[in-house]
Amino acid sequence: MALARSFGLSLVGVEGQLVEVQCDISNGLPGLTFTGLPDASVTESRERVRSAVVNSGATWPNQKITVALLPADLRKVGSRFDLALAVAVLAGAGTVPGEAVAGVAWIAELGLDGGLRPVRGVLPSTLAARRFGVTRVVVAPGNAAEAALVPGVQVRAATDLGEIIGWLTGAGPAVPTAAPAADEPGAAAGEPDLADVAGQTAAKRALEIAAAGGHHLSMVGTPGAGKTMLAKRLPGLLPPLDDAAAMEVTAVQSVAGLLGNQPRLVRRPPMQAPHHTTSLAALVGGGSYLARPGAISLAHHGVLFLDEAPEFAPTALDALRQPLEDGFVVLHRSGGAVRYPARFQLLLAANPCPCGQPSNKCGCPAIQRRRYEQRLSGPLLDRIDLRVRVDPVRHGDLLGAGVPRETSAAVALRVAAARGAAAERWAGEWRINAEVPGAALRGGRWLLPPAALRPARAHLESGALSARGFDRMLRLAWTIADLAGRTVPGPGEVREALFHRTGQVGTWAA
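Residues numbered from 1 in each chain as written. Predicted model: local features only at pLDDT ≥ 70, side-chain atom pairs only at ≥ 80, totals over all residues. Heavy atoms only, no water.

Draft legend 1. Quick look at the overall build of the chain. Summing up its helical and strand segments, the chain has 22 helices and 18 strands in all. For the chain, the spread of C-alpha atoms along the three principal axes comes to 85 × 50 × 45 Å. Relative to its full complement of 510 residues, the chain shows a buried share of 51%. Within the chain, counting contacts between residues at least 6 apart in sequence, those at least 24 apart form 74% of the total. Accessible surface, the chain as shown: approximately 21500 Å² in total, 53% of it carbon and sulfur. (Helix = DSSP H or I, 4+ residues; strand = E, 2+ residues; numbered from the N terminus. Buried < 20%, exposed > 50% of the residue type's maximum accessible area, 1.4 Å probe, protein only. Contact = heavy atoms within 4.5 Å. Areas by Shrake-Rupley, 256 points an atom, 1.4 Å probe, with all protein chains shown as cover.)

Next comes the structure, spelled out in structure tokens:
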């Protein structure tokens, strides 16, 4: 009897779990049996692995082979265990040294010819391997640069199983190590610039506040006023992602298979702009067995832009409420529950009524306008920090070619300074003002003096401002103060925050 071990990685969402592949070869009826909750794609690998071993010049043991995938109570899904299974069988048969196989994570699909094929989710799998103390990983060439993004892990890329056998037995050269690709540049060439937007001073101010504090923003205005132009320029105002955030964003894109042939850490905040016909599953994530990430997870640490927001299905819009509060989404399917990160900035754009005309030209009945307004539920709108009216561009602003306009780079400098001030103030507890709990702002050292809060008292007592809205107004006031270089918000900052929060109430009726 011969027993050998290797390591594979199971992946549920973006959470990896180390899987020990134990292979026992003993006398008995020839065949390969699995234990440890393998799914159909894992059990089907017996023929793939056998053909790959034989076509790589090695001998398949004509004995009873038992493979245990441990922990046994964790379901194993996908073809990512092919290589770990093959090297465990080869080690059990004595073809390769068992000590050379143990302590290494093997992540690749095998073709019948023994070639290594890439799989999705190698980056979070490599992160999981490092977390469990495994610092050597072997992957397919198509996954090499992606796995090498994880520091502290030695990544080797083999083209086929025969190359691995030669390396492990000493009959061939060592499998080469992989190096990560260079970091993504700070700003993409041709990125939309805020200087392209004519007029819209109030909307630009709201966009700057949203970028500085990570706040959600709603823009309502007639078609052609510049709502979409403004929205597309928000990512250019945001600072590059730090190492931790970049790794999270890149891991989600790895699971979704969006990294491409030259993967690198995603340093620019992503932007997702799904069409208004997008389904609920495509927006929040879904699938028949194990759910895949949706647009809200692909927008993690970035921007989710919903143009023509009232045209989205009400169920899809209301599904955003929980991720907006928690920063993640948990999706339950028949294969189990999957958790994906979803901490994004929500940006809504809408027309004031179905026809989209200004109030003096609108012919929509009042009941039709009201129904259109109610497609965005009150609980969702209450989670939007800033609400701005985007009026038609004036003739002088549109044709003022000689008037200098502020660029995205200039605004981004103020945004970065404001975020730096917020990060220093919150001292590692929170990154941006939008993440600060309301309880922290309503008590203790961060409670504003009564004189500063006096403008908000009437709104709160009249019901124009909910308790959640009051907390969001406080966050806005801190962001406005950070942009102005003030250490504590005063009545002026609170008044501006109230204007952006409640000054546009009723605009849906045009």
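Okay, back to it.
Draft legend 2. Just the packing of helix α2 (residues 45–55) against helix α3 (residues 82–92), in detail. Orientation of α2 relative to α3, taken along the N-to-C sense of each, is 60°, at an axis distance of 10 Å. By the angle class used here, α2 and α3 are oblique. Between α2 and α3 lies a crossing of right-handed hand. Judged by residue contacts, S45, R48, V49 and V53 of α2 engage D82, L85, A86 and L90 from α3. (Axes fitted to C-alpha atoms, helices over the stretch in contact; angles between N-to-C directions. Parallel < 35°, antiparallel > 145°, perpendicular 65-115°, else oblique. Left-handed = near helix turned anticlockwise from the far one by under 90°.)

Draft legend 3. Molecular detail of empty space enclosed by the protein. Within this structure, the stated rule accounts for one cavity of 30 Å³ or more. In this structure, the largest cavity occupies an estimated 40 Å³ of space. Around the largest cavity, the lining residues are F34, V42, S45, L69, F81, D82 and L85. (1 Å grid on protein atoms, 1.4 Å probe; cavity = no way out; pocket = protein on both sides within 12 Å on 5 of 7 lines; lining within 4 Å. Points joined across faces, edges and corners; volume = space filled by probe spheres on them.)

Draft legend 4. Spatial organisation of the nonpolar core. If you look at the biggest cluster of nonpolar residues, it comprises 50 residues, and the most contacted ones within it are L217, M219, L347 and M473. Here this core gets eight residues from one element, more than from any other, and that element is helix α21 (residues 467–484). Among residues more than four places away in sequence, those in contact with M219 are K227, L230, A231, L347, L348, A349, A350, V388 and V390. Membership of the second largest hydrophobic core comes to 41 residues, among which are V19, V49, L110 and L161. (Core = buried A, V, L, I, M, F, W, Y, C linked by side-chain atoms within 4.5 Å.)

Draft legend 5. Representation of the packing of aromatic side chains within the structure. Going through the model one piece at a time under the given rule, you end up with five aromatic pairs. Centre to centre, the rings of W106 and W167 are 6.5 Å apart; their planes meet at 55°, and the pair counts as tilted. Here the residue W106 occupies a position in strand β5 (residues 105–107), and W167 occupies one in helix α7 (residues 161–169), the gap between them amounting to 61 residues. Both rings, one in W426 and one in W478, keep their centres 5.9 Å apart while their planes meet at 65°; by these two values the pair is edge-to-face. (Phe/Tyr/Trp six-rings, centres within 6.5 Å; stacked < 30°, edge-to-face > 60°.)

Draft legend 6. Looking closely at unusual backbone geometry. Geometrically, the link from L70 to P71 is a cis peptide bond, its omega value of 5° lying close to zero. Positive phi is not limited to glycine here, since H301 has a value of about 60°. Along the chain, the position of H301 falls in the loop between α12 (295–298) and β14 (303–306).

Draft legend 7. Expanded view of α2. Restricting attention to buried positions, one finds in α2 the residues S45, R48, V49, A52 and V53. Relative to the axis of α2, the buried residues are bounded by an arc of 125° and lie together on one face. Where α2 is buried, its residues contact β3 (31–35), α1 (40–43), α3, β6 (109–110) and α7. Phi for G57, located one or two positions after α2, is positive at around 90°. (Arc of directions from axis to C-beta.)

Draft legend 8. Quick peek at the sheet that holds strand β10 (residues 217–221). As summarised here, the arrangement of the five strands in space is β11-β14-β17-β10-β18, forming an open sheet in which the pairing is parallel. Each edge of the open sheet carries a strand with a single partner, namely β11 (271–272) and β18 (386–390). Where β14 meets strand β17 (residues 345–350), four bridges bridge the pair, whose relative direction is parallel. If you follow F305 over to β17, its bridge partner there is L347. (Pairing = 2+ DSSP bridges.)

Draft legend 9. Quick look at the environment of A452. For A452, the position within the fold is in helix α20 (residues 450–462). Note on A452: relative accessible area 2%, which makes it buried. Excluding its chain neighbours within four sequence positions, the residues that come into contact with A452 are P489, G490, P491 and V494.

Draft legend 10. Spatial organisation of the pattern of salt bridges. Summed over the entire model, instances satisfying the criterion amount to 20 salt bridges. The partner of D196 in a salt bridge is R233, and the shortest N-O contact between them spans 3.2 Å. On the criterion of sequence distance, the pair formed by D196 in the loop between α7 and α8 (201–213) and R233 in the loop between α9 (227–232) and α10 (243–256) is long-range, its members being 37 residues apart. Close ionic contact of R321 with D318 constitutes a salt bridge, the shortest N to O distance being 3.7 Å. Given a relative accessible area of 28%, R321 falls into the partly exposed group. One connected set of salt bridges, linked through shared partners, spans E325, D382, R383, D385, R468, R472 and R501. (Salt bridge = Lys/Arg side-chain N within 4 Å of Asp/Glu carboxyl O.)

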